[in-house]
Amino acid sequence: MHSHTTADLVVRHARTIAGDSVDLTIRAGRIAAIAPVESASTPTLDASGHVLLPALVEAHVHLDKTLWGEPWRANTAGPDLAGFIANERRVLAGLDVPIGKRAGALLRSMIAGGSLHVRSHIDIAPDVGLRHVEAMLALREDFRGAADLQLVAFPQTGLLTVPGTAELMEAALKLGVETVGGLDPAGIDKDPIGQLRTIFAMAERNGSGIDIHLHDPGDLGVWQIERIADFTAGSGLAGRVMISHAYCLGMLSLERIEPVARRLADLRISLMTSAPADIAVPPVAFLRGHGVNVCCGSDGIRDAWSPMGNGDALERAWLLAYRFDWGKDHELLGALDAVTHSAARALGIADYGLEVGCPADFVLVKAENTQDAMVRRPHERIVVKAGRIVARDGAFIGTVARS
């Protein structure tokens, strides 16, 4: 499929986040040096006028649900969570376009924007079996070398309330899915302790991480976060647990959530927000001030839940800044951190960043500086994966096993 050897490359005159102009020497897919280069016999990329960013990280997306590339479809979702789920089931059942084609088209676009690390949740339920899992595992193989794809077994219709789902999730982990998903232990399964006991035991058996969708509001939601912390402390999974959405943290007073924040930080439980417009969101600056790792993700993109989203992680960071009215330079860099270093920590990505020895995964954005890149989100980008250019100016030019 792909050769694991990479052509050497020298990137010249790239502007770092700190504002310095640097040259990168890349050898065997890794950054070999960050130092001025007088002359180079290897291929050279002139990055003058471009900002150098580490690979963008998409911490939460549902690739198997997307309608990307399909004709416009009027949104028929709602009015409540159960209605959204039922509507999605109807829409997806009526499609004859394979998951791999829809998800692959979206993934190409995401890579073109600079997302080289992606965590995608995959629906698992008795009515779909492991079809979505098998399609996404195939997609991961197809794009290996162009992007790193993490997968989460996600019980969209409930775990305990739908018999057979837990067994299917276990089977998905055996096939190569890395992370155990959960969903509103109280609101969906009506048995929060039962769901948490099940997914933590499953994660421990399989050496997996955990990523729980938590939409439940207010005190009920925060009570569940406290129980997730209890299970994390008792399981040895500190540093491998993520709570996605956690709207409840934005619904209560800072005094109420401060002890919760300290526990999240102590147990290295990460939070993911998509910076939605229509509901409370966790107070990111307050939580970070208490040491909590908070990252950002797109959630659904052009699917039966909503026609919104485009998979550009830089735009998602901008939406986070917009939501909190972050306009100072340091605040804009904090928003960028939610789709770079904080997201990489949340996903457990090794050797991430722009240091000597790290994989040569980065994005060059044509912009005056990093803040300008964040605010304008220009399409003029050069995306490099393991020392190879895989996208340029919004077009994916990498290689996949099957088109």
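Residues numbered from 1 in each chain as written. Predicted model: local features only at pLDDT ≥ 70, side-chain atom pairs only at ≥ 80, totals over all residues. Heavy atoms only, no water.

> What am I meant to see in the overall build of the protein here?
Within the protein, the regular secondary structure consists of 12 helices and 17 strands. If you line up the protein on its principal axes, its C-alpha atoms span 65 × 50 × 40 Å. Burial status across the protein gives 55% buried among its 403 residues. Within the protein, contacts between residues separated by at least 24 positions form 76% of all contacts whose residues are at least 6 apart in sequence. Element-wise, carbon and sulfur atoms account for 53% of the exposed surface of the protein, whose accessible area totals about 16,100 Å². Seen as two clouds, the 39 positive and the 48 negative side-chain charges of the protein have centres 3 Å apart. (Helix = DSSP H or I, 4+ residues; strand = E, 2+ residues; numbered from the N terminus. Buried < 20%, exposed > 50% of the residue type's maximum accessible area, 1.4 Å probe, protein only. Contact = heavy atoms within 4.5 Å. Areas by Shrake-Rupley, 256 points an atom, 1.4 Å probe, with all protein chains shown as cover. Lys, Arg positive; Asp, Glu negative; His and termini not counted. Charge placed at Lys NZ, Arg CZ, Asp CG, Glu CD.)

> Can you walk me through the pairing of strand β14 (residues 362-366) in this structure?
Looking along a regular strand, one sees side chains alternate from face to face of the sheet. β14 sits mainly inside the fold: four of its five residues count as buried. Relative to β14, strand β5 (residues 50-54) is paired through five bridges, and the arrangement is antiparallel. Bridge pairing links His 50 to Lys 366 in β14. Looking at chain direction, β14 and strand β15 (residues 381-385) are connected through four bridges and run antiparallel. (Pairing = 2+ DSSP bridges.)

> What is the right way to read the packing of helix α4 (residues 165-175) against helix α5 (residues 192-206) from this model?
Two numbers describe a pair of packed helices, the interaxial angle and the distance between the axes. At a minimum axis distance of 11 Å, the contact between α4 and α5 shows a crossing angle of 25°. When the axis of α4 is compared with that of α5, the two are roughly parallel. Judged by the twist between their axes, the crossing of α4 over α5 is right-handed. Residues Ala 166, Met 169, Glu 170, Leu 173 and Lys 174 of α4 form the contact with α5, whose own contacting residues are Thr 198, Met 202, Arg 205 and Asn 206. (Axes fitted to C-alpha atoms, helices over the stretch in contact; angles between N-to-C directions. Parallel < 35°, antiparallel > 145°, perpendicular 65-115°, else oblique. Left-handed = near helix turned anticlockwise from the far one by under 90°.)

> In this structure, what is going on with the pairing of β15? I would like to understand it.
When you tally the buried positions in β15, you get five out of five residues, the bulk of the element. Here β15 shows two buried faces, one formed by Arg 381, Val 383 and Lys 385 and the other by Ile 382 and Val 384. Turn length for the β15-strand β16 (residues 388-392) hairpin, with the two strands adjacent in sequence and antiparallel, is two residues, and the turn residue Ala 386 shows positive phi of about 50°.

> Help me out: how do you make sense of the nonpolar core in this one?
One recurring pattern in soluble globular proteins: nonpolar side chains tend to sit buried together. By size, the foremost hydrophobic cluster in this structure holds 100 residues, and its most contacted members are Leu 63 and Leu 249. Per element, the largest residue contribution to this core is seven residues, and it comes from helix α2 (residues 99-113). Look past the residues within four positions of Leu 249 in its chain and what remains in contact with it is Val 222, Ile 225, Ile 257, Val 260, Leu 264, Leu 271, Pro 282, Pro 283 and Leu 287. By size, the runner-up hydrophobic cluster in this structure holds 15 residues, among which are Leu 9, Leu 24, Ile 31 and Leu 52. (Core = buried A, V, L, I, M, F, W, Y, C linked by side-chain atoms within 4.5 Å.)

> Would you mind going over the environment of Leu 52 with me for this structure?
Looking at where Leu 52 falls in the secondary structure, it is placed in strand β5. Its relative accessible area of 3% is what places Leu 52 among the buried residues. Sequence separation between Leu 52 and Lys 366 is 314 residues, and the spatial gap between their C-alpha atoms is 9.1 Å. Apart from the residues lying within four places of it in its own chain, the contact partners of Leu 52 are Ala 14, Arg 15, Thr 16, Ile 17, Val 22, Leu 24, Leu 354, Phe 362, Val 363 and Leu 364.

> Honestly, the sheet that holds strand β8 (residues 148-154) in this entry has me stumped. Any pointers?
Sheet strands associate in pairs through backbone hydrogen bonding, adopting either a parallel or an antiparallel arrangement. If you walk across this open sheet you meet the eight strands as β6-β7-β8-β9-β10-β11-β12-β13, and the pairing is parallel. The sheet terminates laterally at β6 (56-61) and β13 (294-296), the two strands that pair on one side only. Strand-to-strand twist in this sheet, taken as the mean axis angle between neighbours without regard to direction, amounts to 25°. Pairing of strand β9 (residues 179-183) with strand β10 (residues 209-214) involves five bridges; the strand directions are parallel. Each residue of the ladder has a partner; that of Gly 182, found in β10, is Ile 212. Contacting β9, β10 and β11 (241-245), α5 runs over the sheet at an angle of about 175° to β9.

> What is the right way to look at the pattern of salt bridges in this model?
Side chains that carry opposite charge are capable of pairing whenever their charged atoms lie near each other. Applying the stated criterion across every chain yields a total of 25 salt bridges. Salt bridges sharing common partners tie together Asp 219, Glu 226, Arg 227, Asp 230, Arg 256 and Arg 263. (Salt bridge = Lys/Arg side-chain N within 4 Å of Asp/Glu carboxyl O.)

> What exactly am I supposed to notice about the confidence of the model for the protein here?
Reading fine detail from the predicted coordinates is not recommended where pLDDT is low. Of the residues in the protein, 98% have a pLDDT of 70 or more, and the chain-wide mean is 95. Note on residues 1-6: pLDDT under 50 across the span, and 15 contacts to partners over four residues away in sequence or across chains. (pLDDT = per-residue confidence, 0-100.)

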